[in-house]
Amino acid sequence: MISETYDDAGVSAPHLTIAPRILYFGTPVVLLSTENADGGFNLAPMSSAWALGDVVVLGLGPGSQTAANLAERPDLVVNLPGPGQWEAVERLAPTTGRDPVPPPKQGVFSYEPDKFGTAGLTEAPSEAVRPPRVRECPLQLEATVTRLRPDAGESFLVAEAKVLRVHAAEDIVVPGTSHVDPARWSPLIYNFRHYFGLGSRLGRTFRAEY
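All values derive from a computational prediction rather than experimental measurement.

What counts, and where the lines are drawn
- Residues numbered from 1 in each chain as written.
- Predicted model: local features only at pLDDT ≥ 70, side-chain atom pairs only at ≥ 80, totals over all residues.
- Heavy atoms only, no water.
- Helix = DSSP H or I, 4+ residues; strand = E, 2+ residues; numbered from the N terminus.
- Rg over C-alpha atoms; globule rule 2.2 N^0.38 Å.
- Buried < 20%, exposed > 50% of the residue type's maximum accessible area, 1.4 Å probe, protein only.
- Contact = heavy atoms within 4.5 Å.
- Areas by Shrake-Rupley, 256 points an atom, 1.4 Å probe, with all protein chains shown as cover.
- Lys, Arg positive; Asp, Glu negative; His and termini not counted.
- Charge placed at Lys NZ, Arg CZ, Asp CG, Glu CD.
- Pairing = 2+ DSSP bridges.
- Core = buried A, V, L, I, M, F, W, Y, C linked by side-chain atoms within 4.5 Å.
- Polar contact = N/O pair within 3.5 Å; in protein donor to acceptor, adjacent residues only side chain to side chain.
- Axes fitted to C-alpha atoms, helices over the stretch in contact; angles between N-to-C directions.
- Salt bridge = Lys/Arg side-chain N within 4 Å of Asp/Glu carboxyl O.

Student: Any chance you could explain the overall build of the chain here in plain terms?
Tutor: Along the chain, the regular secondary structure elements total three helices and 16 strands. Here the C-alpha atoms of the chain give a radius of gyration of 19 Å, agreeing with the 17 Å that 2.2 N^0.38 yields for 210 residues. Put simply, the chain has 210 residues, and 37% of those count as buried. Summarising the internal contacts of the chain: among those between residues at least 6 apart in sequence, 56% fall at separations of at least 24. Surface summary for the chain: the accessible area is close to 12,700 Å², and the carbon and sulfur share equals 54%. The positive charge centre, built from 18 side chains, and the negative charge centre, built from 24, are 2 Å apart in the chain.

Student: Would you take a moment to explain the pairing of strand 14 (residues 157-168) for this structure?
Tutor: Inspection of the sheet shows strand 7 (residues 55-60) paired to strand 14 by six bridges, in the antiparallel sense. Paired with Leu58 across the strands is Ala159, a residue of strand 14. By the bridge criterion, eleven bridges tie strand 13 (residues 139-150) to strand 14 in an arrangement that is antiparallel. Of the residues in strand 14, the one forming a bridge with Thr144 is Lys162.

Student: Mind showing me how you'd approach the nonpolar core here?
Tutor: If you look at soluble globular proteins, the nonpolar side chains tend to sit buried side by side. If you look at the biggest cluster of nonpolar residues, it comprises 22 residues, and the most contacted ones within it are Leu32, Leu58, Leu60 and Leu76. Formed by 13 residues, the second largest nonpolar core is a distinct cluster that contains Val29, Leu31, Leu92 and Phe116.

Student: Looking at this structure, how should I read the side chain of Thr144?
Tutor: Secondary-structure assignment places Thr144 in strand 13. A distance of 2.8 Å separates a polar atom in the side chain of Thr144 from a polar atom in the side chain of Asp75. If we skip the residues at most four places from it in the chain, Thr144 touches Pro74, Asp75, Leu76, Glu160, Ala161, Lys162 and Leu164.

Student: Any chance you could explain unusual backbone geometry here in plain terms?
Tutor: The general pattern is negative phi for most residues beyond glycine and trans for most peptide bonds. Of note, the bond from Asp99 into Pro100 is cis; its omega dihedral lies within 30 degrees of zero at 5 degrees. When you line up the elements, Pro100 lands in the loop between strand 9 (95-96) and strand 10 (110-111). Although it is not a glycine, Phe192 adopts a positive phi angle of roughly 50 degrees. With respect to the helices and strands, the residue Phe192 is situated in the loop between strand 15 (189-191) and strand 16 (194-196). Of note, Arg193 is a non-glycine position whose phi angle comes to about 70 degrees, a positive value. Taking relative accessible area as the criterion, Arg193 reaches 45% and is therefore assigned partly exposed.

Student: So what exactly am I meant to see when it comes to the sheet that holds strand 16 here?
Tutor: Sheet strands pair via backbone hydrogen bonds, and the direction of the pair is either parallel or antiparallel. Strand order in this open sheet of three strands is 3-15-16, and the pairing throughout is antiparallel. For this open sheet the edge positions go to strand 3 (25-28) and strand 16, each flanked by a neighbour on one side alone. Strand after strand, the sheet turns through a mean of 30 degrees between neighbouring axes, direction not considered.

Student: Can you help me understand the pattern of salt bridges in this one?
Tutor: If the charged atoms of two oppositely charged side chains come close together, the side chains can form a pair. The tally for this structure, following the rule as stated, stands at five salt bridges. A salt bridge links Arg165 to Glu127, with the shortest nitrogen-to-oxygen separation between them at 3.3 Å. Pair noted here: Arg165 is in strand 14 and Glu127 is in the loop between strand 11 (123-124) and strand 12 (133-134), with a separation of 38 residues, a long-range link. The class for Arg165 is partly exposed, based on a relative accessible area of 37%. Classification of Glu127 as exposed rests on a relative accessible area of 54%. In this structure, Arg147 and Glu160 form a salt bridge, with 3.6 Å as the shortest nitrogen-oxygen distance. Of this pair, Arg147 sits in strand 13 while Glu160 sits in strand 14, and the two are 13 residues apart along the sequence. Arg147 sits in the partly exposed class, given a relative accessible area of 46%.

Laid out in structure tokens, this is it:
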């Protein structure tokens, strides 16, 4: 089915009605570090995260090690890699911290207890939570989950996490402030299962403080 819409210049452009399997229409990639039952730590990539105020909302697979960890131990770190770290993220992508591998992941994912080593990333101690930060990630959010519930379709879990500490690499912070410099910080973007960084700045909103 084709419907008629208009582009930015007001020129008519056709649209197709489609049914994509996934709706990752440009979302940031995060690495979630959580604590396992044995006191070790899991590190998992995910691309369903958004923030409002000091709360980060996460979409989790119900059978994941991350979901199991957060149900029992709610502390975590939301680590945001930059575009240059996409290969480290991808090294984690086909692994799981669950042993045995859950049935939906069998044949595709493999069990890996050493997630940091697999990714080639380094643990850094946190200040307010037990799970470690990822030293190489330019932004690191220490947080604790305050609510964990099924989504509307009961296919995923939705975690609401209150941020307790924010750590930012010095070179992306506006000197003398607590502002992240958007001209120097670029998140790793997951765009329909492909990795991207940001392009050049187009403009700024009237609410921008810097």
